[in-house]
Amino acid sequence: MNDVFPKDFLWGGATAANQYEGGWNEGGRGLAKTDVTTGATAQTPRYITYQMPDGTIGKISQRGEKKPETAKFSVVDGYYYPNHVGTDFYHRYKEDIALFAQMGFKIFRMSIAWPRIFPKGIESKPNQEGLDFYHKVFDELKKYNIQPLVTISHYDDPLYIEEELGGWENPEIVNLYEKLCKVLFEEYKEDVAYWLTFNEINAAIMDRFFIKDVSDDLVKAGYIKLHNQLVASAKVVKYAHDHYPQFKMGCMIAGLVTYPLTCDPKDILATQQKVQELFYYPADVQVRGAYPNFAKKVWEKYAINSSLFEKDAETLKQGKVDFFTYSYYSTSCETTHEDVELDGGGNLSMGAKNPYLQYTEWGWSQDPDGLRYSLNDIYDRYLIPIMIVENGLGCIDEIDENNVVHDTYRIEYMKCHIESMAEAIADGVNLIGYTPWGCIDLVSASTGEMRKRYGMIYVDMDDDGLGSLNRYKKDSFHWYKKVISSNGSDLSN
Ligand code: BG6
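Reading the values: the criteria
- Residues numbered from 1 in each chain as written.
- Predicted model: local features only at pLDDT ≥ 70, side-chain atom pairs only at ≥ 80, totals over all residues.
- Heavy atoms only, no water.
- Phe/Tyr/Trp six-rings, centres within 6.5 Å; stacked < 30°, edge-to-face > 60°.
- Helix = DSSP H or I, 4+ residues; strand = E, 2+ residues; numbered from the N terminus.
- Buried < 20%, exposed > 50% of the residue type's maximum accessible area, 1.4 Å probe, protein only.
- Lys NZ or Arg CZ within 6 Å of the ring centre and 35° of its normal.
- Contact = heavy atoms within 4.5 Å.
- Near = heavy atom within 4 Å.
- Polar contact = N/O pair within 3.5 Å; in protein donor to acceptor, adjacent residues only side chain to side chain.
- Areas by Shrake-Rupley, 256 points an atom, 1.4 Å probe, with all protein chains shown as cover.
- Salt bridge = Lys/Arg side-chain N within 4 Å of Asp/Glu carboxyl O.
- Pairing = 2+ DSSP bridges.
- Right-handed = clockwise from strand over helix to strand, strands pointing away.
- 1 Å grid on protein atoms, 1.4 Å probe; cavity = no way out; pocket = protein on both sides within 12 Å on 5 of 7 lines; lining within 4 Å.
- Points joined across faces, edges and corners; volume = space filled by probe spheres on them.
- Nonpolar A, V, L, I, M, F, W, Y, C, P; charged D, E, K, R; others polar.
- Disulfide = S-S within 2.5 Å.
- Expected span 1.5 Å × (residues − 1).
- Arc of directions from axis to C-beta.
- Core = buried A, V, L, I, M, F, W, Y, C linked by side-chain atoms within 4.5 Å.

### Focus: the packing of aromatic side chains
Inference 1: All chains considered together, the criterion is met by 42 aromatic pairs.
Inference 2: On the basis of an interplanar angle of 65° and a centroid distance of 6.1 Å, the ring pair of Tyr280 and Tyr382 is categorised as edge-to-face. Placement of the pair is Tyr280 in helix H8 (residues 265-288) and Tyr382 in helix H12 (residues 368-382), with a sequence separation of 102 residues. A single burial state applies to Tyr280 and to Tyr382, both of which are buried.
Inference 3: The cationic tip of Lys59 hangs over the ring face of Tyr47; the distance from NZ or CZ to the ring centre is 4.6 Å.
Inference 4: Cation over ring: Arg381 sits above Tyr280, and NZ or CZ is 3.9 Å from the ring centre.

And the structure:
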């Protein structure tokens, strides 16, 4: 596979503040919902804890449930909150960035914790200590010539916004987000060129997979949240284009790659509809600057008054992104056949199991061909540069007495996916970068576990928060280093 990857291909790795950074109560940082979210397992849900005015405590599961009106989300005794420490980037960023540099990273995807900059989101002035922290991180990256790829919002909006202001269902949040972005752009204009406005923006409309018999009202609320985020994204993309022409502004969508389970035309249509509603619906807005034609059908289906969204058409038109990014872990199958069990899990979405694929312990399929398929599909539609900003195998690693992890399974997974990217490039896709997820072990978003590891760097920390947090290189570390230094032409192990 010689010279398939372009010379300036952006090899790197990806993380997010809420799962990695820690330092939850340091440097003037405010709370995010992830700070009041407990750990869990693949079988038990994560909970959000609260306290009543009389001191009694309670919890609700992450999706769908509502807390009692007078309750306040709180950190309470007797629960473990894994995101508080993450894997401690806050204190160990120098050591970690040096390790990324050893692997040869050209780009490092990270997010900025909004509550570190504006603790509640509503302050008129940013928190200087928070701004300083990211300056130090960017300076460190610069030392090694690693470009930051910054996600502005990655699942950790200030808790105050969520709890007191109604979260993204409230269109006023757009102004708070714009204020945040203006500060970030001005502050880091010399340091950051690549920005993603929201992580997995379609996560807002994925409740249907996780809440049994989800109500139309909840689905509708999801589309309203999503619309407000799309407006916010368009506004700051336009602002960036007007004021910082050197910036490259990107969208980030959860890859929802879905196949029909059978060749029954009804399965084909159902698949098309699912992908339209959940993937291309927001992607078209961010790339083409307008809702697709099929959006009207979606609004009708959920009794959404279209004028609610159509009034912002001009704003959306002005905020088209420069590059497209998505997360790609697995694929699922769609069917209209009622006798089929929908037991195929996946990142944010579910469906029927694919008999041709292997599944991980967390029920996610492994499908490198789906990556090539989706890259072709997306590039054909949009014709703008693409980056894969999340991809990887979440699994249990065993560390031996010499602190070595022989993760041949991870190497195998990454190898097949890199081959698939190379094939897509040969097909004509303009793929410009690859940042595999959790390049260093971090807390799982869905389960809060540490044992679901993605990294090429092992972090000594367990599901109960016990461990030294020391870092150790896995076999995949050395392998990925070789991949990067050969610009993807040597994938051997
Ligand atoms: C993506 C998120 O959905 O998948 C990440 O952007 C997340 O935040 C990743 O960690 C993997 O999911 P999980 O649940 O295995 O951590």
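Text resumes after the structure shown.
### Details of the side chain of Glu140
Inference 1: Within the fold, Glu140 resides in helix H4 (residues 128-143).
Inference 2: Apart from the residues lying within four places of it in its own chain, the contact partners of Glu140 are Tyr93, Lys94 and Ile97.

### Structural notes on the site of the ligand
Inference 1: As a matter of local geometry, the ligand sits amid 15 residues, with Glu200, Asn347, Ser446, Lys452 and Tyr454 nearest to it.
Inference 2: Asn199 is positioned such that a nitrogen or oxygen atom in its side chain is 2.9 Å from an oxygen atom of the ligand.
Inference 3: Within the side chain of Tyr329, a nitrogen or oxygen atom sits 3.5 Å from an oxygen atom of the ligand.
Inference 4: Here the ligand has 380 Å² of accessible area as a free molecule, and 98% of this is covered by the chains.

### Regarding the pattern of salt bridges
Side chains that differ in sign of charge can pair as their charged atoms come close.
Inference 1: Per the stated rule, a full pass over the model turns up 28 salt bridges.
Inference 2: We note a salt bridge from Arg381 to Asp284, for which the minimum N-O separation is 2.9 Å. Here Arg381 is found in helix H12, whereas its partner Asp284 is found in helix H8, with 97 residues between them in sequence.
Inference 3: What makes Asp284 buried here is its relative accessible area of 0%.

### A few points about unusual backbone geometry
Inference 1: Positive phi, close to 70°, is recorded for Asp88, a residue that is not glycine.
Inference 2: Tracing the backbone shows Asp88 in the loop between strand S4 (72-73) and helix H2 (89-103).
Inference 3: A residue is classified by how much of its surface remains accessible, and Asp88, at 8% relative accessible area, is buried.

### Some points on the environment of Met52
Inference 1: Topologically, Met52 is positioned in the loop between strand S2 (47-51) and strand S3 (57-61).
Inference 2: The class for Met52 is partly exposed, based on a relative accessible area of 23%.
Inference 3: Once the C-alpha coordinates of Met52 and Ser74 are considered, the two residues, 22 residues apart in sequence, prove to be 9.5 Å apart.
Inference 4: Filtering out sequence-adjacent residues up to four positions away, Met52 remains in contact with Pro68, Thr70 and Ala71.

### Details of the pairing of strand S8 (residues 248-254)
Inference 1: Of all seven residues in S8, six are buried, a share of seventy percent or more.
Inference 2: One ladder, built from three bridges, connects strand S7 (residues 194-198) with S8; its direction is parallel. Counted as the bridge partner of Leu196 is Gly250 from S8.
Inference 3: In this region the chain leaves S7, passes through helix H7 (residues 216-243) and returns to the parallel neighbour S8; the handedness of that crossover is right-handed.
Inference 4: Looking at chain direction, S8 and strand S10 (residues 323-327) are connected through five bridges and run parallel. Bridge pairing in S10 links Met252 to Thr325.

### Re the sheet that holds S2
Inference 1: The strand order across the open sheet built from three strands is S3-S2-S4, with neighbouring strands paired in antiparallel fashion. Strands at the two margins of the open sheet, each flanked by one partner only, are S3 and S4.

### Section: the side chain of Thr87
Inference 1: Along the chain, Thr87 turns up in the loop between S4 and H2.
Inference 2: The contacts of Thr87, once residues within four sequence positions are left out, are Gln19, Tyr20, Asp441, Leu442, Met450, Val459, Leu469 and Arg471.

### Some remarks on empty space enclosed by the protein
Inference 1: One pass over the full model with this rule turns up six cavities of 30 Å³ or more.
Inference 2: In this structure, the largest cavity spans a volume of roughly 100 Å³.
Inference 3: Surrounding the largest cavity, 13 residues form its lining, Gly255, Ser330, Thr331, Asn347 and Ser349 being those nearest its centre.
Inference 4: Here the residues of the lining of the largest cavity are counted per class, giving four nonpolar, nine polar and no charged.

### Some words on the state of the cysteines
Inference 1: By the definition in use, this model includes zero disulfides.
Inference 2: With no disulfide of its own, Cys263 lies 13 Å from the sulfur of Cys333, the closest cysteine sulfur.

### Remarks on H12
Inference 1: Its 15 residues place the ends of H12 22 Å apart at the C-alpha level, agreeing with the 21 Å of an ideal helix rising 1.5 Å per residue.
Inference 2: Where H12 is concerned, the buried positions are Pro368, Gly370, Leu371, Ser374, Leu375, Ile378, Tyr379 and Tyr382. For H12, the angular spread of buried residues about the axis comes to 155°, placing them on one side. Seen from the open side of H12, the exposed residues pointing more than 90 degrees away from its buried face are Asp369 and Asp380.

### Points about the layout of surface pockets
Inference 1: Of the voids in this model, the second largest pocket is the one considered here, and its volume is about 580 Å³.
Inference 2: If you trace the second largest pocket, you find 19 residues lining it, with Arg208, Phe209, Lys274, Glu334 and Leu342 closest to the centre.
Inference 3: Considering every element that reaches the lining of the second largest pocket, the biggest residue donor is H8, with five residues.
Inference 4: Partitioning the lining of the second largest pocket into residue classes produces eight nonpolar, four polar and seven charged.

### A short note on the nonpolar core
Inference 1: Counting 135 residues, the largest nonpolar core has Phe100, Tyr223, Phe324, Met421 and Tyr480 as its most contacted members.
Inference 2: The element contributing the most residues to this core is H7, with eleven residues.
Inference 3: Each residue touching Tyr223, except ones within four places of it in the same chain, is listed here: Ile205, Arg208, Glu277, Leu278, Tyr281, Val298, Tyr302, Ile304 and Phe309.
Inference 4: Core analysis: the next-biggest nonpolar cluster, separate from the first, contains nine residues, Met252, Phe323, Met387 and Val389 among them.

### Overview of the environment of Leu431
Inference 1: Mapping Leu431 onto the fold places it in strand S15 (residues 431-434).
Inference 2: Residue classification places Leu431 among the buried residues on the basis of a relative accessible area of 1%.
Inference 3: For the pair Leu431 and Ile384, spaced 47 residues apart in sequence, the C-alpha to C-alpha distance is 9.1 Å.
Inference 4: With sequence-adjacent residues up to four places away left out, Leu431 is seen in contact with Pro6, Phe9, Leu375, Ile386, Met387, Ile388, Met421 and Ile425.

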